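Architecture and fold: a report
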Amino acid sequence: MSFLLGKWSAIAKESINRAAIVAKFLCLLHVTNTYIFSPTLVYGPSMLPTLNLTGDVVLSEYISHRLGKVGPGDVVLIQSPENPRKMITKRIVAMEGEAVSFLVNPSRSDRSRTVVVPKGHVWIQGDNIYASNDSRNFGPIPYGLIQGRVCCRVWPIDGFGSL
């Protein structure tokens, strides 16, 4: 009888050890995906020709914006100021204190406007000015809405590389 009890005890210990390894792996995966980097599917016409209309998988990192290391030219993931459930991908054009000149409605007129970006805000625009809903429509966005910086495209494979 003690032989069977010892055998079951060894099996139980091995099961607990394996479950602990799986739990550690899942914790590491969660922390990596939430706080360091994760793949993100982005699609739509606003970032043409940089990103495809039908969708690209990009690798987004979540450390730079927390350290204040994003700037003009960076493509970023932003929580939409119009719909908080939606994430948008745009390029930072200007940081706080910088002046931005832009066409108010590029498809209808050549009228331009100049705005100074207020403290704690950034000016974002899509690369396709004719099909982008961005700071030209809703103004400068608070820096706190930036969720991550896009590092590189990982899919489709022929477009693999940094942006």
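By the naming in an unreviewed UniProt entry, the chain is Peptidase S26 domain-containing protein, taken from Deinandra increscens subsp. villosa. One UniProt comment on the chain, placed under Function (unreviewed entry), says "Catalyzes the removal of transit peptides required for the targeting of proteins from the mitochondrial matrix, across the inner membrane, into the inter-membrane space." Taken from UniProt, the Subunit (unreviewed entry) comment for the chain reads in full: "Heterodimer of 2 subunits, IMP1A/B and IMP12."

All right, on to the nonpolar core then. The biggest cluster of nonpolar side chains holds eleven residues, and these are V70, V76, I78, I88, I92, M95, V122, I124, I141, L145 and I146. When neighbours within four sequence positions are excluded, I88 is seen to be in contact with V76, L77, I78, S80, P81, I124 and F138. Membership of the second largest hydrophobic core comes to seven residues, among which are M47, V58, V75 and V150.

Moving on, we come to the pairing of strand β4 (residues 87–94). Here strand β3 (residues 75–79) pairs with β4 via five bridges, running antiparallel. Bridge pairing links Q79 to M87 in β4. Both β4 and strand β7 (residues 121–125) contribute to a ladder of three bridges, which runs antiparallel. Note on β7: the bridge partner recorded for I92 is I124.

What follows concerns the side chain of S132. Its place among the elements puts S132 in the loop between β7 and α2 (135–138). Judged by relative accessible area, S132 falls into the buried class, the value being 10%. A polar atom in the side chain of S132 sits 2.9 Å from the side chain of D134. If near-sequence neighbours (up to four positions away) are discounted, S132 is found in contact with S46, K90, Q125, G126 and N137.

Here we come to the UniProt feature "domain: Peptidase S26" (unreviewed entry) in the chain. Here, the residues flagged by UniProt with the feature "domain: Peptidase S26" (unreviewed entry) are residues 21–101 and 113–155. The span residues 21–101 carries 20% helix and 35% strand; its end-to-end C-alpha distance comes to 55 Å. As a span, residues 113–155 carries 9% helix and 49% strand, and end to end its C-alpha atoms are 37 Å apart.

Reading guide: rules and limits
- Residues numbered from 1 in each chain as written.
- Predicted model: local features only at pLDDT ≥ 70, side-chain atom pairs only at ≥ 80, totals over all residues.
- Heavy atoms only, no water.
- UniProt positions renumbered as here; feature names shortened; annotations may be inferred.
- Core = buried A, V, L, I, M, F, W, Y, C linked by side-chain atoms within 4.5 Å.
- Buried < 20%, exposed > 50% of the residue type's maximum accessible area, 1.4 Å probe, protein only.
- Contact = heavy atoms within 4.5 Å.
- Pairing = 2+ DSSP bridges.
- Helix = DSSP H or I, 4+ residues; strand = E, 2+ residues; numbered from the N terminus.
- Polar contact = N/O pair within 3.5 Å; in protein donor to acceptor, adjacent residues only side chain to side chain.

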